[in-house]
Amino acid sequence: MPIRNKIGEMVENVRLLERSCGQRKPSVGTLYLSATHTIFVENNPETRKETWVPHSMVSGVERLPPSPTGSQLILRCKDFRVILVLIPQERDCVDIHASLARLSRPEKYSELYCLSFNPNVNKEQREESWAFVDLAADYRRMGVPNNLWVTTAANSEYRVCDTYPSELFVPKSATPAVIVGSSRFRSRGRFPVLSYFHQDTLAAVCRCSQPLSGFSGRCQEDEMMLQAVMKSNPGSDYIYVVDTRPKLNAMANRAAGKGYENEDHYTNIKLQFIGIENIHVMRSSQQKIVDVGEMRSPSMTDFLFGLENSGWLKHIKAILDAGVFIARAVADEGISVLVHCSDGWDRTAQACSVASLLLDPYYRTIRGLMVLIERDWVSFGHKFSHRYAHLDGDPKEVSPVLDQFLECAWQLSEQFPCAFEFNERFLIAVHSHIYSCQYGTFLGNCEKERRDLRLREHSHSVWPQLWKERSQFTNPLYQTDLSPSQGVLRPNTSPYCFKLWKGLYNHTEKSMPPRQSPADFLSTVREESKQLEEELTNQQERLTALTGKPITWEKVAVPRRRRRTDCQKHGGPDPPATTHGRLISGPDGQTDRKAPRKDPALTLPLRDTDDFSACSDLESGVADLSSRSSSGGDDNKEAELE
Amino acid sequence: MVSKRLNPRNLPALRYGAQVKMYQVNQVPLLPGETIQTTVKDVMYVCPFSGLVNGTLTITDYKLYFSSVEKESPFILDINMGVISRLESISVPNQGENTKGLELVCKDMRSPRFAYKTEESQVDVVEVISRHAFPLSHNLPLFAFLYKDQFPVDGWKVYDPTAEYRRQGLPNESWTISKINSTYELCDTYPSVLVIPTNITDEDIRRVAVFRAKHRIPVLSWIHPESQATIVRCSQPLVGPSDRRCKEDERLLQIIMDANAQSHKLTIFDARQSSVAVTNKAKDGGYESESFYPNVELNFLDIPNIHVMRESLRKMKEVVYPTINEAHWHSAIDQTHWLEYIRLLLAGAAKIADKLESGKTSVVVHCSDGWDRTSQLTSLAMLMLDSYYRTLRGFQVLVEKEWISFGHKFSARVGHGDENHANSERSPLFVQFIDCVWQMTRQFPAAFEFNELFLITVLDHLYSCLFGTFLYNSEQERVVHEVQTKTISLWSYINSQLEEFTNPFYVDYENHVLYPLVSSRHLELWTSFYARWNPRMRPQVPVHQTLKELLFLRAELQRRVEELQRETTSHSLSSGSEHSPTHPTGTALHTTV
């Protein structure tokens, strides 16, 4: 990127003492302050390495007392990088500090980077960029609308709920009167709507905010609304209401005229508290884990205690547990779940999106994760601008809610290394764009606000850009062919399964030489295999041209082991009665899928039957990695290969 | 954990996780030379994970074999006798008066429990197990001497000290291969082949031997191919409270320093804590005084002794077996201090390696006797410095050399065949070393030819007494007991099926020195070894299989392309090919080390 829009400030002979990633020796160069970035350009004529930091990424600027060699300035970034520069003249340092303090705390949207960022695209391309993620298509993919779930016009022009999207899916039996009545009885008018529809079991994940019940309040329409949610899942006679808060917090809310559903008033609901802490607890917990990541040569005790005392992994576990509960209810029991917290835009978004990730392999692809974030977070009014401090505002509103979702995805990808199309880099890239304000995708607090800001006319969407770079975001272990059948992920959520996400939180040691990366190696192997395949085709064509005879090869078959029940015994410490370690409900004798299979033709519109049969084929076709036999392979032969 | 099935290549799957084809339940697979001692019916295995399992227990001279047909898939538990540390009676509630309980406390982080009826068993189960778990305490031979299997390769040929020193470029003008200890007269715990400086008389060497604990004189372990800096190992000097000196010892260290023209210094790494080294002076031991040894720099590496390590691993077992401490996982791991000690060892070894590589300076490594921490440090440093030791064969040489031949007291530290479980000589020093190696393989996944299964298999047979490799305390003892002729080497078994133990990522990083990161954030608990008995710890997806498939796919595609190319060329010879495609024949996993 050329250095343009340079404004006023420029200081020469600045020493970059430490950049969390990169070389360790201090380099001398020039520091520029543009309208949008802090830029450091190395003097070394050979490299002239540039370091760009968008002002929106700066979470804090700190000036240390001057020393004889100059004044130190510390830039702390929202992606946890720390940049330390030494400025020869104290005056310059004071100026830079003052400018940065102002630039990194914009007060109006119009000051944000995305509104001046102008990638080289025309108007049509910009509009296309916004159409890249199509939520309506995703709902169609999951099979709605159908005769159970329909669109409602109730929220057009954001009349009923200004933080919800205008396009919503509700139970077919919910009349406009019920919707409006229910919304009056819910915090911020966020009434129960569909988040995810599970085609196999016809159970749904729905979301809303807490009811305004106080100690004894009730609302007939709201009760009818929950009844409607239940009725939209034929064959089930109750629904789960998941309150993601700790029960104590939920009870305390009753004193303020809010609270949770009274099981005496609502028939056929089962209430479940999960105990995810609130945004304030999460904010301070993340600070602690960042400190652990930044510790310089901590002792083993410092590190392990720091990790445990931060509570961070415990919070991640709570969120994952919420997702697991929902996924199990939907996939195994075939019971619909209504999820809420207080306002239904933080913990609810976390729980719903983790559940989708567990339930549907599509969301484990690069494009699928984009769709998921766009749906459960962007469209449903997660308050991006407040949570990620895009504008100068109340620091108590700031909290790493989406960070935690991304970390759940990362922790899952550590447990299921072949189940995700994207790698850690993709999650980190999404993380930094949430804060960077380079694109308009994550600006504003809800759909209405984005419309009022006319962001689609003035900024660009981040997704096509990330899609363009997808080759570096691809996990080489991803099993494309197996993925659709991988079905529901059943992670182990015992505390020892959670690790510190070094890639995100441990920048200080990134300055060390990079270690060997098997993933990169595999990417290359995959790439080479692809080239070889092309080469093979070329050669075949040449040969055909030469000989006039077409040649056909059978597809290369990789011999695979057959999974045996006894091979899990490892010499047999325990009877195979435990089903732990069986990640996926495979078709091979795993009977943990208790949900009654419903006949799709009876309940779904005809045009969906195609999708459905495809699904059931996949269900019955393939088992997990190890149990798959090679295409056209012969079992006896395979045994020899072991 | 050993299962005795023959795999399709007719090699026994003598390793953890081996595929076991189902036998008839009443048929117990036996190794050649193994005999059944007794069979006890109606035994209950008290599984810590899924409750009681009813079955039959067969006791042989090598193992306990429990099988059950109760569950839909047959259940088999196979525990070799060598792994048992002690037998303990336990109470079994609600099973009737005639039921006795037995806990087998094992050396490999588990303690399976059984319950059996006394009226039905004619024999005393505890008696039988005890005889074969602790044969040496009952005047019986270790099973390795009964085991009669055949392997296509002979593991005893893996290590030839002279060949290994020749590989290192020895002898040279400064160093000679000496026969001074050929009858173990100079030092009974040292190997017969030693490398010592050319410039010293046998007479002086004998004087040095008197001045070093257990006569373990400074000898060469490894020489840097370029700088000629050396790793020298020995035991502590017998300085004593009166600060005794030994002219010959001082001269020997001077000669060692002078043998390396690149540096005029010598660094001594004393593995102990300085306070302990000082205490040792009162017990007639001690450390080199920098004022008596000119240009010598003394460093203490602060590694605690064998008793501390034993206690640390004992605490670890409490954390991972039978149930995993879930509520306070990280602090529970911390309180064992196990990772802290792993860190000290890796950091110490890295210091030694760096001193040779960057400082081009020779080092002398010792602890007290020079057979525990010294072996750990020299072997880890050599692993960092010399890529040969990172191959399957080279690693075997490393273990044979720095551990087995230099008299790490395997018999005493593991307690092979001995019922005295409380013996304070026992300590998991070799386990700790293998853990350090594992930590390095995690940080450099392509630098080691062997895989995790190899490391686990080595540790399993450290205890099993199936092979002669780790038996006895010194080379001399092994010669006396004719280990090489009467037992089989572990490497015979391993080298007969190398593919199983090969890392698919391996790339030979010749001349690369690997410095592991020893920061606490980069060390992990080796759960796939320590917590492997817990079914919840099993990996969810077999990634290794995917890797192999990818590599297989590439190789297969490559083969076909080449085949087609040949065909095309033969067809187009007349037309003259303009096209000569070239392909990378394999991608090296990029690294910066």
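Here the structure is a predicted model, which means the values were calculated and not measured.

Enquirer: Looking at this structure, I do not really get the environment of Glu 294 of chain A. What am I missing?
Expert: Residues and elements named next belong to chain A. Structurally, Glu 294 is set in helix α7 (residues 279–294). On the basis of relative accessibility, which here comes to 23%, the residue Glu 294 falls in the partly exposed class. As for Glu 294 and Val 82, which are separated by 212 residues in sequence, their C-alpha atoms are 9.3 Å apart.

Enquirer: Looking at this structure, how should I read the packing of aromatic side chains?
Expert: Aromatic ring pairs are described here by two measures, namely the spacing of the ring centres and the angle between the planes. As enumerated under the stated definition, the model contains 55 aromatic pairs over all chains in all. Ring centres 5.9 Å apart and planes at 75° place the aromatic pair Tyr 196 of chain A and Tyr 363 of chain A in the edge-to-face group. On the criterion of sequence distance, the pair formed by Tyr 196 of chain A in strand β10 (residues 193–197) and Tyr 363 of chain A in the loop between α10 (347–359) and α11 (366–379) is long-range, its members being 167 residues apart. In this structure, Tyr 196 of chain A and Tyr 363 of chain A share a single accessibility class: buried. Centre to centre, the rings of Phe 467 of chain B and Tyr 493 of chain B are 5.9 Å apart; their planes meet at 20°, and the pair counts as stacked. Of this pair, Phe 467 of chain B sits in the loop between α13 (452–464) and α14 (475–480) while Tyr 493 of chain B sits in helix α16 (residues 490–495), and the two are 26 residues apart along the sequence. According to the relative accessible area criterion, Phe 467 of chain B is buried, its value standing at 2%. Lying over the aromatic face of Tyr 363 of chain A, Arg 141 of chain A brings its terminal NZ or CZ to 5.1 Å of the ring centre.

Enquirer: Please explain the pattern of salt bridges as it appears in this structure.
Expert: Between side chains of opposite charge, a pair can form when the charged atoms approach closely. Within this structure, the stated rule accounts for 59 salt bridges over all chains. Glu 318 of chain B is the partner of Arg 314 of chain B in a salt bridge, and the nearest nitrogen-oxygen pair spans 2.7 Å. Of this pair, Arg 314 of chain B and Glu 318 of chain B both sit in helix α6 (residues 306–320), 4 residues apart, which is roughly one turn of that helix. The partly exposed category is assigned to Arg 314 of chain B, whose relative accessible area is 41%. The partner of Glu 563 of chain B in a salt bridge is Arg 559 of chain B, and the shortest N-O contact between them spans 2.8 Å. Pair noted here: Glu 563 of chain B and Arg 559 of chain B are both in helix α18 (residues 543–572), with a separation of 4 residues, about one helical turn. The exposure class of Glu 563 of chain B is partly exposed, given its relative accessible area of 27%. When its relative accessible area of 39% is taken as the criterion, Arg 559 of chain B is described as partly exposed. Three or more residues are tied together by salt bridges with common partners; here these are Asp 138, Arg 141, Arg 207, Asp 360, Arg 375 and Asp 376 of chain A.

Enquirer: What is the right way to read the nonpolar core from this model?
Expert: What tends to happen in soluble globular proteins is that the nonpolar side chains get buried as a cluster. Among the nonpolar cores identified, the biggest contains 282 residues, and Ile 84, Phe 395 and Phe 430 of chain B are the most heavily contacted of them. The element contributing the most residues to this core is helix α9 (residues 312–333) of chain A, with 13 residues. Apart from residues no more than four positions distant in its own chain, Phe 395 of chain B is found in contact with Leu 383, Tyr 388, Tyr 389, Phe 433, Ile 434, Val 437, Phe 450, Phe 454 and Leu 455 of chain B. One finds Leu 194, Ile 256, Val 296 and Phe 406 of chain B within the second-largest nonpolar core, a separate group that totals 37 residues.

Enquirer: When you look at the packing of helix α3 (residues 202–211) of chain B against helix α4 (residues 247–258) of chain B in this model, what are you seeing that I'm missing?
Expert: Geometrically, a packed helix pair is captured by the angle between its two axes and the distance between the axes. Residues and elements named next belong to chain B. Between α3 and α4, the least distance of the axes is 8 Å, while the angle of their chain directions is 110°. As the angle between them shows, α3 and α4 are arranged roughly perpendicular. Residues Asp 204, Arg 207, Val 208 and Phe 211 of α3 form the contact with α4, whose participating residues are Glu 248, Asp 249, Arg 251 and Leu 252. Residue classes in the contact of α3 with α4 are distributed as 3 nonpolar, no polar and 5 charged.

The rules behind the values
Residues numbered from 1 in each chain as written. Chains lettered and ligands numbered in written order. Predicted model: local features only at pLDDT ≥ 70, side-chain atom pairs only at ≥ 80, totals over all residues. Heavy atoms only, no water. Helix = DSSP H or I, 4+ residues; strand = E, 2+ residues; numbered from the N terminus. Buried < 20%, exposed > 50% of the residue type's maximum accessible area, 1.4 Å probe, protein only. Phe/Tyr/Trp six-rings, centres within 6.5 Å; stacked < 30°, edge-to-face > 60°. Lys NZ or Arg CZ within 6 Å of the ring centre and 35° of its normal. Salt bridge = Lys/Arg side-chain N within 4 Å of Asp/Glu carboxyl O. Core = buried A, V, L, I, M, F, W, Y, C linked by side-chain atoms within 4.5 Å. Contact = heavy atoms within 4.5 Å. Axes fitted to C-alpha atoms, helices over the stretch in contact; angles between N-to-C directions. Parallel < 35°, antiparallel > 145°, perpendicular 65-115°, else oblique. Nonpolar A, V, L, I, M, F, W, Y, C, P; charged D, E, K, R; others polar.

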